[in-house]
Each structure stands twice: as C-alpha cells, then as structure tokens.
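Single-letter residue listing:
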Amino acid sequence: MCRILCLAILPLLLSQYVDAAAVISIDLGSEWMKVGIVSPGVPMEIVLNKESKRKTPAVVAFRDDVRTFGEDAVTVGVRFPKNAYKYLLDLLGKPYDHPLVQAYKERFPYYEIAPTDRGTPEFIHGENIKYTPEELVAQLLAKAKEFAEISHGQQITECVITIPGYFNQAERKAMKEAASLAGLNVLQLINDYTAIAINYGIFRRKEINETAWHALFFDMGAASTKAALVEYKTVKIKEKGYVETVPQLQVIGVGYDRTLGGLEMTLRLREHLIKAWEANGGGDVRSSPRAMEKLLREAERLKIVLSANTEHYAQIESLLDDKDFKHLVTRADFEALCSDLWPRVSGVIQRAVAAAAGSGSGARLIVAGGASRVPAVQEVLRTAVGLEPSRSINADEAATLGAVYRAASLATGYKVAALNVRDAVILPIQVVFTRHVDGNDKLIKRTLFGPMNPYPQKKVITFNKHTDDFSFNVNYAELDHIPSNELKNIGTLNLTQVVLSGVSEALAKNSGENIEHKGIKAHFNLDDSGILNLVNVEFVAEKTVTDEDDKDSTLSKIGSTISKLFGSDSELPEKAEDKPGEQPQEAEKNDTVKANETTTEKQNATEAETKPKPKIIVLKEPIKTEEQVLNIEPLSPEEFKLSKAKITELNNIDRKRVERETALNNLEAFVVDAQMKIEMEEYAECGTPEQIEEIKKMCSETSEWLYDDGYEAPTEMYDQKLSLLKEKTNPIWYKHWEHRERPDAVAAIRNLIKSAKEFLKTAKNYTKEANSERDVFTDVEITVLEKKIEETESWLEKTIEEQNALKKNEDIKLTVDSIREKMSNLDREVKYLLNKMKIWKPKKPAKKESENKNETVINADEEGSNGEAEKPEENGESEKVGENGENQGEKPVTEAKSEDDSGGEETEIPQIGEETVEHSEL
C-alpha cells in the first residue's frame with residue numbers, strides 16, 4: 001500500500017534540489033507512533049523501525065539501567081508495569097489536579113505520580129530519578145528521529161508533528177518543548193484530522209474545482225474520537241505579486257470526545273475478564289500489577305479479534321499463582337459492555353455538522369483510526385450519516401502521510417503542488433479589559449478568534465480610550481458549542497495577563513497640532529500550529545500636514561540624501577530609518593507638482609494657483625509589555641537545561657551500551673568463525689603448524705574468558721582481544737584468499753594477452769609499409785605494443801613457475817594485485833591504438849594558396865629525426881613514445897577534428913579490438 005502511495009505522490013513533488021535535507025512527520029498517538037519521511041530521491045514513505053514494522057508502540061521503559069522503546073518496552077511493561085510509561089499524551093501540558101491526570105492515576109494505579117514546582121505531574125521512577133511527561137515524550141520523538149536517520153543515513157532536524165485538534169494552548173506549547181528537548185525543529189503542529197484531510201485531498205486534486213464539495217472525516221483512536229467536516233474548492237490567492245488559483249481545504253466543523261476511544265473499550269473488556277476470573281475463585285488479581293497488565297494486553301487482543309469474529313476465547317497462562325485463565329467472550333457480550341459508548345459516537349458527528357452551521361450537505365464519510373474498525377462503531381456511523389463508511393484511505397497511516405506532505409511544503413529544498421490549508425479554531429479566544437466610564441470601571445470583552453475561525457490568521461485589537469498604563473487578559477470564551485462534560489477537560493480558562501507601561505509617555509510624545517490619536521494597537525498572531533502569540537503593542541497616531549508645511553522638511557531630506565551619496569562613511573547615521581526611501585519618494589512627488597505648477601503659470605497666468613494637498617503621516621511608538629502566563633508556565637531556561645542534560649545522559653548511556661554490545665558480538669562471532677575456518681584444510685595449509693596451534697589456543701582461551709568473566713568486561717577489552725586475534729589470523733586468511741582468487745586472475749590476463757595478439761596482428765596491416773593509403777599506426781607504436789605483449793607473457797609464465805614451486809604457507813610470489821597491474825599496463829597500450837584507429841582519417845593533399853599567400857600543408861602524422869612518433873593530443877600537443885616503448889608523458893586521447901569538413905572522403909575502418917578490451921577489467 002505504501003509503495004502505491006509513494007508512486008502516486010511522485011508527480012505531486014515537482015522538484016527536489018540536490019542540497020535538500022530530509023524532513024519527517026511524526027504521528028504520535030496515545031498508543032502507537034508512526035514516522036513518515038521525504039528526502040531527495042524518496043518522495044514519501046513510512047519509516048520502518050528496527051523490527052521492520054511500520055508502527056511502533058508509544059512506550060518507553062527503564063530496567064536495570066537499560067532504556068527500551070516500542071515492542072521491547074512493552075515486554076518490559078508486562079513483567080514490570082511500573083517501569084514502562086505509556087499513554088503519555090493524557091498528561092502532556094496539564095496540571096496535576098486536571099481530571100484527565102486523576103483518571104490516568106485510577107487506570108494505572110501502579111505509577112507513582114507527584115506534582116512538580118510548576119504544578120504539572122511527574123513520574124517518580126526511583127529514589128532520585130523523576131521524569132516529566134515532556135521528558136518522556138521527548139525521548140519518544142528522539143527515537144522516531146533515530147529511526148529515520150538510520151533508515152536514510154542522514155541527520156534529521158525538521159519535522160511536522162500531529163496532535164489532537166482539541167489540544168489547548170498549554171498542551172501545544174508542551175509538545176513543542178518536548179520536540180526541542182528531542183533536538184527537533186517543529187515546522188508545524190498539525191491537527192490529526194487536518195493531516196488526514198491533506199492525505200485525502202492530494203490524491204483527488206483533479207476533483208477540486210470552483211464548486212465546493214465536502215468530506216466528513218471520522219477518526220477514533222485509542223484515547224479519543226474526532227470528527228471534522230472539510231470543504232474542498234479552488235480559491236484565488238496572491239503570492240509573489242500575482243494571483244494564482246490553487247486548491248484549498250478548509251475545516252468548517254469539528255466535534256470531539258476526549259475520553260471515547262479504544263482504550264475505554266479495552267478497559268471495560270478487562271473488567272469483564274477480571275469478574276470472570278474472580279467468579280471462578282481465581283484470587284485477588286487487582287492487587288497484582290503484573291496480572292493486571294497481562295489482562296489488559298489480552299483484552300486488547302480480544303477486542304481486535306472480535307472485530308472479525310463473533311466469539312473468541314481469552315487465554316492467559318499463569319495469570320496469578322501459576323493458575324491459567326480461559327474464558328469465552330462473544331461480540332454481543334463486548335457490545336453490551338460498551339452500550340453507553342455507542343450514542344457518544346453519533347454525538348461527535350452531530351457536533352461537527354452543527355459547528356459547520358448548515359454547510360457540508362452531501363459530504364462523503366471517510367473513516368480513519370484503529371478503533372473505528374469495531375463493527376458497532378461502523379453501524380452507528382451508517383445510522384448517523386446515512387452513508388456507507390468509505391475505506392479509500394489507509395486508516396493507520398493517512399495522518400502520517402498527510403503530515404509528511406505538509407512537511408515537504410514547509411521545508412526548504414522541496415517544491416510540491418500547491419494545496420492551501422485552512423484549519424479552524426475549536427477553543428475561541430477573547431480579550432478582557434476594564435474601561436473607566438462615568439467614574440466606574442466597566443468590564444469589556446472583545447472576541448479575538450471566534451469558533452471555527454480559520455487560521456493561521458493575524459488580528460489587531462485597538463484600545464482607544466486608555467491614556468494611562470493598563471492591562472488586559474487573554475482568555476477562552478464563547479464555549480457554548482463545547483459539551484459540559486468536556487469543559488472541565490479544557491482546564492483553566494485564563495491564558496495570559498498583559499501589562500502595558502509607557503502609555504502616557506507615548507501619548508505626550510506624539511501630541512500636538514494636527515495630530516489625531518488612533519489608540520493602542522495590540523497585534524496577535526495565531527500561527528499554523530494553533531499557538532497564540534502577542535507580536536507587539538504600539539501607540540498609533542496620524543499627523544496631517546500640507547505640502548507647503550512639509551516643504552522645508554522634504555527639501556532638507558533630499559539634501560541629506562544627496563550628501564549621504566557623496567559623503568564619507570563617518571557621516572552615516574547610527575540608525576537607519578524605519579522605512580527608508582519613503583520621504584525621498586514623497587519629495588520627488590512634490591518636485592513634480594511644483595514643476596507642473598511653474599509650467600502652468602507660464603502658459604496661462606490667469607489660472608489660479610494649485611492649492612496644497614494635505615498629507616497624513618502615521619506615527620508609531622512601541623509600548624512596553626509584560627506578559628504573565630496564568631495557566632501552566634513554560635519550562636524556564638534552567639529547567640529546560642536540566643531536562644536536556646538528563647536526556648543527553650540517557651542517550652550517552654544507550655550509545656555506550658550499544659558500543660559494548662556490538663564489540664562483544666563482534667568478538668564472539670570472530671572467535672566462532674576462526675575456530676571453524678582453522679579446522680578446514682584449505683585454511684590450515686596456508687599457515688605453519690605453529691601458527692595454527694597458536695590461533696587455536698587463543699580462540700579457546702578467549703571463548704573460555706567470555707563465558708567466565710568476559711561479559712562484565714569493558715568495551716576496550718573486547719576491542720583489544722579482537723585486534724590480537726585478527727593480527728594472528730589475517731596473514732593466513734590473506735594467503736587463502738590469494739590462492740583462491742589467483743586462477744581467475746591468471747585466466748583473465750591470458751585472455752587479455754590473446755586478445756592483444758589478435759589486435760596486433762590486425763594493426764600491422766595499417767602501417768605505412770603495409771598499406772600506404774591506410775597508415776594508421778607507425779612502426780614505433782607497433783613495436784611498443786609487441787614488446788609489451790612479449791614482456792607480459794614472459795613475466796606471467798616465469799612467475800607462475802616460481803609460485804608453483806612454493807608451499808601454500810610461504811610468502812606469495814604471484815599476487816592478484818601484480819596481475820592486475822600488468823593487465824592495466826597492457827590494456828592501456830591496446831586502448832591507445834584502438835582510440836587512434838577510431839579517430840583516424842586519410843591524409844589530405846596539400847592545399848595550394850594564391851600566389852601572394854604561403855603554401856600550407858597538413859600532415860596527419862610526422863616522424864621526428866630521432867625515430868620517435870607523436871601521439872595526437874586534445875590541445876594540439878603531442879605525447880612522445882620512445883624507441884624503448886615507454887611513455888614519456890601521459891595525455892588524454894580525444895576525438896580529432898578535421899579542419900575542413902567538406903574536403904576528402906572518410907574511409908571506413910573496421911572496429912578491430914572492440915571485444916578485446918573487455919578482458920582488461922578484472
């Protein structure tokens with residue numbers, strides 16, 4: 001499936017630059033973690049973990065100073081539940097007294113959780129070891145980063161992370177802090193249903209036009225359920241100075257339930273199994289964390305099986321006190337246990353449709369999430385929507401692939417087909433402040449971002465009645481669309497308090513004639529991660545002036561500009577203007593007006609003079625702000641530094657452990673391999689009896705040492721013993737390799753000699769003595785090749801005879817490298833003549849010029865008086881070959897070009913020796 005998606009996405013990724021760095025997406029859910037990647041040459045794919053699986057359990061465990069992730073951590077969690085940490089999203093960015101934190105403690109009572117100084121929960125792992133949810137999530141993100149780096153062999157620094165759309169400001173900031181601890185730069189925190197909508201839309205770009213159509217995405221995961229109504233249509237946007245029509249997806253309605261998910265079903269099924277165990281007199285299983293964890297895993301497996309079968313047995317070996325457990329569970333039993341959950345499924349759909357305010361008729365129903373496979377859930381969806389759920393997307397990987405497509409569009413070095421994304425605000429934000437009216441303070445509320453407002457978006461709120469320092473609060477508000485049971489999960493409704501100072505000074509500084517105060521303007525930005533930022537606060541005023549009033553000022557600025565152009569560096573001002581060039585442009589406009597006035601007066605003196613036009617100058621003065629967080633404080637620099645150091649220490653411990661395990665495995669493998677080889681006759685005869693006996697002794701001693709005390713030895717000891725073994729065995733392994741490879745090398749050089757002789761025989765027919773019209777080669781060149789062949793052949797026969805007289809354990813006389821060197825020398829001579837034959841053209845007769853010009857004669861070959869022949873060169877120079885056949889200097893041989901393409905006929909030369917050079921490569 002992934003391969004099909006990758007092939008489909010190839011046309012969408014229009015281009016990738018060579019220096020583009022790989023970027024990843026991390027779909028971090030409550031139960032599973034999936035990683036997508038896009039890199040040069042790999043448009044889109046899912047990263048495999050070390051078990052070659054496409055998804056990894058979002059679990060991290062610590063046991064005996066060993067940290068594990070994924071399946072290994074789950075295995076540790078079964079035996080030692082307290083040491084494995086999971087379902088961490090329920091704790092991220094929440095205070096200790098949050099309802100979800102308390103529910104977490106009830107579900108998993110074996111964890112010891114305490115509040116931190118910031119008021120957030122943290123796990124007490126040991127006497128002096130504590131982990132916050134941010135630190136544990138950071139370790140999971142770092143592991144996802146490691147998977148991608150191992151898979152594609154390059155460093156990863158940028159990512160897009162999926163989050164539940166209902167995450168509030170504190171939870172979103174906590175996720176970004178965790179990513180920073182993991183060494184990742186977050187390009188965007190994207191809502192999971194938005195990522196699914198992107199994945200759905202990029203494969204249906206041809207269906208998106210000016211007529212809007214809708215899709216309803218239903219996503220039931222392990223911990224929560226979300227539904228989003230999305231509108232697809234083309235819109236016109238202005239980018240880089242021109243208007244472009246691009247497809248757009250916009251979220252217009254969202255509904256969710258934070259506690260409705262697969263985990264709730266699993267917990268109820270576990271409770272059913274516990275009662276069945278207790279009914280049979282099995283004992284107090286609730287007091288055993290290990291038994292409870294076994295039951296939880298079996299309930300999860302049973303839930304999955306019952307989605308495809310009507311009944312199945314739950315079976316656990318040695319559940320408690322060496323007693324086995326077996327119980328039959330039917331699908332009807334399971335659906336009865338969750339009977340109160342099914343109406344909540346339709347409630348999520350209804351809230352999403354209601355939030356769209358009547359839009360979205362005829363929407364398609366797209367289902368994602370693992371828990372949506374439960375038959376009862378699908379039946380509720382059919383009833384609530386009146387449509388058959390579509391399975392046109394990968395329910396597990398849709399969010400991951402949509403997020404990685406978004407990552408490619410945000411990263412530098414990639415150009416993807418445009419898809420404008422507009423998300424929607426779930427938790428509205430308002431500004432609250434007081435105003436002094438008639439001697440009383442009146443509370444004023446102004447909505448900043450209302451329900452379902454699209455984002456990213458910038459907003460400005462103006463305070464035009466304040467003349468002194470004041471403050472305002474930023475809060476959640478207009479939460480009527482949120483169910484009452486979900487309001488408590490939002491947490492505190494107060495976000496920040498902003499205190500402004502220097503207001504009266506700014507007003508006094510910008511007061512005077514023709515100046516109108518426009519108020520205090522606070523600029524807010526809700527970025528594409530859904531995080532609210534106060535950009536800046538400034539006092540704004542407008543000053544009205546005429547051209548006559550501004551005449552002197554304008555002329556002085558022109559003079560100042562001219563002086564800057566011709567002045568020295570010492571005359572430059574210390575600070576540049578906020579908007580350079582604005583005033584000179586206005587001055588140019590004024591000069592044009594004056595020139596027009598002068599011309600008009602000269603042409604017609606009776607016309608009235610042009611009246612000066614007023615001009616408005618905007619005055620801005622920054623206001624000092626102090627922002628105080630009213631819910632969960634972000635990590636302080638010192639806290640961040642301590643958390644980072646803790647994670648770095650864990651990474652170093654893992655790295656050293658892996659290095660030690662690798663060194664131990666290498667030593668063990670080498671000892672076993674050496675013991676096997678040394679018993680084989682073909683290896684034993686390559687060494688002396690003393691050498692063989694010494695190697696056997698070393699291998700035996702090393703093996704005994706490993707099984708006795710070696711497993712506690714440091715990494716350096718393993719490397720040292722491995723080096724000593726290689727020092728003794730490498731000479732024998734080398735001789736064995738030489739004797740094994742020599743026959744093939746000898747056969748190759750003999751084939752080359754044979755081919756060279758055949759080519760030499762043909763080449764002798766293309767000399768001046770043999771054929772005056774086809775004198776391709778000189779006698780010297782033929783002689784050189786002939787001597788090279790004889791020399792190589794003589795050396796080969798002599799060296800073979802000497803080698804055969806030696807024993808296999810003696811030093812090698814005829815090495816494979818020496819054969820390769822001789823082949824290379826002979827091959828070079830043959831290729832030189834072959835290339836000369838390819839570019840050879842017959843000699844042209846001498847060209848006779850006119851009487852007043854010199855006569856020019858062009859010769860193809862010319863022999864010197866010393867009996868040396870010149871070889872053609874690319875740059876017109878020559879390479880001399882002496883009579884002894886050795887090259888005096890190597891030059892590249894290139895195709896020669898005739899000076900007159902129209903003169904003379906070309907003679908076809910057979911491609912002699914084309915196949916002979918094939919034997920030159922060993």
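Nothing here was measured: the structure is a model prediction, and the numbers come from that model.

Draft legend 1. View of the sheet that holds strand S10 (residues 121-124). The sheet built from three strands is open, its strands ordered S9-S10-S11 with antiparallel pairing. Looking at which strands have only one partner, the edges of the open sheet turn out to be strand S9 (113-115) and strand S11 (130-131).

Draft legend 2. A look at helix H2 (residues 70-79). What H2 keeps buried is the set Gly70, Ala73, Val74, Val76, Gly77 and Val78. Considering only its buried residues, H2 is in contact with strand S5 (56-57), strand S6 (60-63), strand S7 (66-69), strand S8 (84-85) and helix H8 (289-306).

Draft legend 3. Representation of the UniProt feature "coiled-coil region" (unreviewed entry) in the protein chain. According to UniProt, the feature "coiled-coil region" (unreviewed entry) maps to residues 809-836 in the numbering used here. Each end of residues 809-836 is marked by a C-alpha atom, and these two atoms are 46 Å apart; helix forms 75% of the span and strand 0%.

Draft legend 4. Just the packing of helix H7 (residues 262-279) against H8, in detail. Direction vectors running N to C along H7 and H8 enclose 115°, while the axes themselves pass 8 Å from each other. Crossing angle aside, the handedness with which H7 passes H8 is right-handed. On the side of H7, the interface is formed by Gly262, Met265, Thr266, Leu267, Leu269, Arg270, Leu273 and Ile274, while H8 contributes Met292, Leu295, Leu296, Ala299, Glu300, Leu302 and Lys303. Its residues assigned to classes, the contact of H7 with H8 shows ten nonpolar, two polar and three charged.

Draft legend 5. How the structure looks around a negative patch on the surface. A contiguous patch of negative charge on the surface is contributed by Glu701, Glu704, Asp708, Asp709 and Glu712. Judged by relative accessible area, glutamate 701 falls into the partly exposed class, the value being 44%.

Draft legend 6. Inspection of the sheet that holds strand S16 (residues 242-257) at higher detail. Taken together, six strands build an open sheet; the order of strands is S19-S14-S15-S16-S21-S24 and the sheet is mixed. On the outer flanks of this sheet lie strand S19 (364-368) and strand S24 (454-455), each paired with one strand and no other. When strand S21 (residues 420-424) meets S24, the two strands line up antiparallel, connected through two bridges. Of the residues in S24, the one forming a bridge with alanine 424 is proline 454.

Draft legend 7. Structural view of the packing of aromatic side chains. On inspection of all chains with the given rule, the structure shows 26 aromatic pairs. Pairing phenylalanine 62 with tyrosine 131 gives two aromatic rings, centres 4.6 Å apart and planes at 10°, and the pair type is stacked. Pair noted here: phenylalanine 62 is in strand S6 and tyrosine 131 is in strand S11, with a separation of 69 residues, a long-range link. Residue classification places tyrosine 131 among the buried positions, given a relative accessible area of 5%. Chaining the aromatic ring pairs together yields one cluster made of Phe62, Tyr85, Tyr87, Tyr104, Phe108, Tyr110, Tyr111, Phe123 and Tyr131. Geometry around tryptophan 733 places lysine 677 over its ring, the cationic atom sitting 5.2 Å from the centre. Taking the ring centre of tryptophan 705 as reference, the NZ or CZ of lysine 721 above it sits at 4.8 Å.

Draft legend 8. Structural context of the pattern of salt bridges. Within the structure shown, the criterion is met by 49 salt bridges. As a salt-bridge pair, glutamate 264 and arginine 268 come within 3.1 Å of each other at their nearest N and O atoms. Note that glutamate 264 and arginine 268 are positioned in helix H7 at a spacing of four residues, about one turn of the helix. Three or more residues are tied together by salt bridges with common partners; here these are Arg67, Asp654, Arg657 and Glu661.

Thresholds, definitions, all that
- Residues numbered from 1 in each chain as written.
- Predicted model: local features only at pLDDT ≥ 70, side-chain atom pairs only at ≥ 80, totals over all residues.
- Heavy atoms only, no water.
- Pairing = 2+ DSSP bridges.
- Helix = DSSP H or I, 4+ residues; strand = E, 2+ residues; numbered from the N terminus.
- Buried < 20%, exposed > 50% of the residue type's maximum accessible area, 1.4 Å probe, protein only.
- Contact = heavy atoms within 4.5 Å.
- UniProt positions renumbered as here; feature names shortened; annotations may be inferred.
- Axes fitted to C-alpha atoms, helices over the stretch in contact; angles between N-to-C directions.
- Left-handed = near helix turned anticlockwise from the far one by under 90°.
- Nonpolar A, V, L, I, M, F, W, Y, C, P; charged D, E, K, R; others polar.
- Patch = residues over 30% accessible without salt bridge, like charges linked within 9 Å, V, L, I, M, F, W, Y side chains within 5 Å.
- Areas by Shrake-Rupley, 256 points an atom, 1.4 Å probe, with all protein chains shown as cover.
- Salt bridge = Lys/Arg side-chain N within 4 Å of Asp/Glu carboxyl O.
- Lys, Arg positive; Asp, Glu negative; His and termini not counted.
- Charge placed at Lys NZ, Arg CZ, Asp CG, Glu CD.
- Phe/Tyr/Trp six-rings, centres within 6.5 Å; stacked < 30°, edge-to-face > 60°.
- Lys NZ or Arg CZ within 6 Å of the ring centre and 35° of its normal.

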